[in-house]
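Below, each chain spelled out in residue letters.
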Amino acid sequence: VQTCALPILDYTHTGEVMFFAGATNVILDTRARQQRFHCEHTDEVTCLAKHPSRTLVATGQQGAVPSILIWDYEANPDGGNLPTVTAQAIINAGGVTRVAATMQAFAVLDSAGAIHAWGDTNFGGTFSVAISGVRAISLYSTQYAFAALLDSKLPDGSMNTLGIFIGQELQIGR
């Protein structure tokens, strides 16, 4: 079983509670006492990230075929299953440990420490990249950039970080 270092819940832009349990993602409207579900994962969900300004959520799963599913939490406001907008398989040995979102893209940290980032025309450009050769231990995002904490120390003893900036093109720096 994978553990998630991030909280397992967040809030939608309209104040609903968003969380996962097992292979199911849940949107809970506490005022209306109503739930909506995203039930398209095939294994246990390990992490989630909400897009900064849209109603999209990315959730990652563990298992033999780890993947990220991006879904719209406003797709069925009256209840029912929330459909997947897009899916991205993550090729590794164990699963997805973190997912992050910027205005233009989503990024994933897999259990092997590799980072995968992708976007599409909805996010301002088409790209897909896997960054290997480094072992990341954490992944963070702002509206326009990703940053990862690497499992290596610099000569002064500080941790090495890898910045991933996404705009018209992908730039990687240490």
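For the structure itself, consult the block above.
The paragraphs below set out a description of the structure included in this document. (Residues numbered from 1 in each chain as written. Predicted model: local features only at pLDDT ≥ 70, side-chain atom pairs only at ≥ 80, totals over all residues. Heavy atoms only, no water.)

A count of helices and strands for the chain gives zero helices and 16 strands. Once local pairs closer than 6 in sequence are excluded, the contacts in the chain between residues at least 24 apart make up 40%. Carbon and sulfur atoms make up 53% of the accessible area of the chain, which totals about 8500 Å². (Helix = DSSP H or I, 4+ residues; strand = E, 2+ residues; numbered from the N terminus. Contact = heavy atoms within 4.5 Å. Areas by Shrake-Rupley, 256 points an atom, 1.4 Å probe, with all protein chains shown as cover.)

Relative to the elements of secondary structure, L109 occurs in strand β10 (residues 106–110). Between the C-alpha atom of L109 and that of V99, which follows or precedes it by ten residues, the distance is 6.3 Å. Not counting the four nearest positions on each side in its chain, L109 is found in contact with V96, T97, R98, A114, I115, A136, I137, S138 and L139.

Moving on, we get to the nonpolar core. Looking at soluble globular proteins, one finds that nonpolar side chains tend to be buried together. One finds I68, I70, V99, F106, V108 and W118 to be the most contacted residues of the largest nonpolar core, which totals 13 residues. Each residue touching V99, except ones within four places of it in the same chain, is listed here: C47, L48, A49, A58, I68, A107 and V108. Membership of the second largest hydrophobic core comes to eleven residues, among which are A105, A107, L139 and L150. (Core = buried A, V, L, I, M, F, W, Y, C linked by side-chain atoms within 4.5 Å. Buried < 20%, exposed > 50% of the residue type's maximum accessible area, 1.4 Å probe, protein only.)

Sheet architecture is open: four strands sit in the order β1-β2-β3-β4, paired in antiparallel fashion. The strands lining the two open edges of the sheet, one partner per strand, are β1 (9–11) and β4 (34–38). Strand-to-strand, the axes of this sheet are offset by a mean angle of 25 degrees, without reference to chain direction. Summarising the sheet, strand β3 (residues 24–29) and β4 pair through five bridges and their orientation is antiparallel. The residue bridging N25 from the neighbouring strand is H38, located in β4. (Pairing = 2+ DSSP bridges. Axes fitted to C-alpha atoms, helices over the stretch in contact; angles between N-to-C directions.)

This paragraph deals with the sheet that holds strand β5 (residues 45–50). The four strands are arranged β5-β6-β7-β8 in an open sheet whose pairing can be described as antiparallel. Each of the sheet's edge strands pairs with one partner strand only, and the pair in question is β5 and β8 (84–89). Here the average twist between neighbouring strands, direction ignored, is 20 degrees. Examined bridge by bridge, β5 and strand β6 (residues 56–61) share five bridges and lie antiparallel to one another. Across the sheet, residue V45 finds its bridge partner in β6, namely Q61.

Scanning the model with the defined rule gives two salt bridges in all. Residue E16 is joined to R36 by a salt bridge in which the shortest nitrogen-to-oxygen separation is 2.9 Å. A residue pair is termed long-range when its members are at least 10 positions apart, and E16 in the loop between β1 and β2 (17–21) and R36 in strand β4 qualify at 20 residues. For the pair shown, E16 and R36 are each scored as buried. (Salt bridge = Lys/Arg side-chain N within 4 Å of Asp/Glu carboxyl O.)

Moving on to the side chain of E16. The buried category is assigned to E16, whose relative accessible area is 6%. Among the polar contacts listed, one links the side chain of E16 to the side chain of R36, at a separation of 2.9 Å. (Polar contact = N/O pair within 3.5 Å; in protein donor to acceptor, adjacent residues only side chain to side chain.)

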